[in-house]
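Chain and residue survey
Single-letter residue listing:
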Amino acid sequence: GWITKPIGNISSDNVPLPPVDMILAADVICKPSDSVAVSKTIYDVLKPGGEAIIISANAKHRFGVDIFEHECELVGLKVKITDVAELCDGKLLPQTAASIDPCGIRQTSGFVDGMSLTMFRITKPC
């Protein structure tokens, strides 16, 4: 396991690890302070030119998501936002309880019908 410090990525043995090219994460924001912590962690751990892809439910279901873009920008990250419903010709997410669920998203923990998901593509400038 690892924890992050302002100096970057640190192993559980307190050994510095090199920055990474890519970060993939989902459902890591549940309150406003998580947006602050996640944005700082991405900045500390990501290589310049690297990318992070973060998927989260909207602010109706996950508090603090509404400030995540701003928190990323405050630390110097660039953010592109995509509504996950727009992916896969709109077939990725069931929109009602009667909708077909082709990807099995109803089986994931925490998903409720009608939930919208946002994909944040975050880059750290060189």
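Read on for an overview of the structure. (Residues numbered from 1 in each chain as written. Predicted model: local features only at pLDDT ≥ 70, side-chain atom pairs only at ≥ 80, totals over all residues. Heavy atoms only, no water.)

Describing the pattern of salt bridges
- Per the stated rule, a full pass over the model turns up two salt bridges.
- Measuring nitrogen to oxygen at the nearest pair gives 3.3 Å for the salt bridge that ties Lys 47 to Asp 21. One end of the pair, Lys 47, is in strand β5 (residues 46-57); the other, Asp 21, is in strand β4 (residues 20-26), and 26 residues separate them in sequence.
- Using a relative accessible area of 33% as the deciding quantity, one classes Lys 47 as partly exposed.
- Relative accessible area serves as the criterion here: at 51%, Asp 21 is assigned to the exposed category.
- Of the charged contacts in the structure, one is a salt bridge between Arg 121 and Glu 51, with a shortest N-O distance of 2.7 Å. (Salt bridge = Lys/Arg side-chain N within 4 Å of Asp/Glu carboxyl O. Helix = DSSP H or I, 4+ residues; strand = E, 2+ residues; numbered from the N terminus. Buried < 20%, exposed > 50% of the residue type's maximum accessible area, 1.4 Å probe, protein only.)

Concerning the packing of aromatic side chains
- Evaluation of the coordinates by the stated rule reveals one aromatic pair.
- Note on Phe 68 and Phe 120: the rings are 4.9 Å apart at their centroids and 90° apart in plane angle, and the pair reads as edge-to-face. In this pair, Phe 68 sits in helix α2 (residues 68-74) while Phe 120 sits in strand β7 (residues 117-123), placing the two residues 52 residues apart along the sequence.
- The ring of Tyr 43 is capped by Lys 124, whose NZ or CZ atom sits 4.1 Å from the centre of that ring. (Phe/Tyr/Trp six-rings, centres within 6.5 Å; stacked < 30°, edge-to-face > 60°. Lys NZ or Arg CZ within 6 Å of the ring centre and 35° of its normal.)

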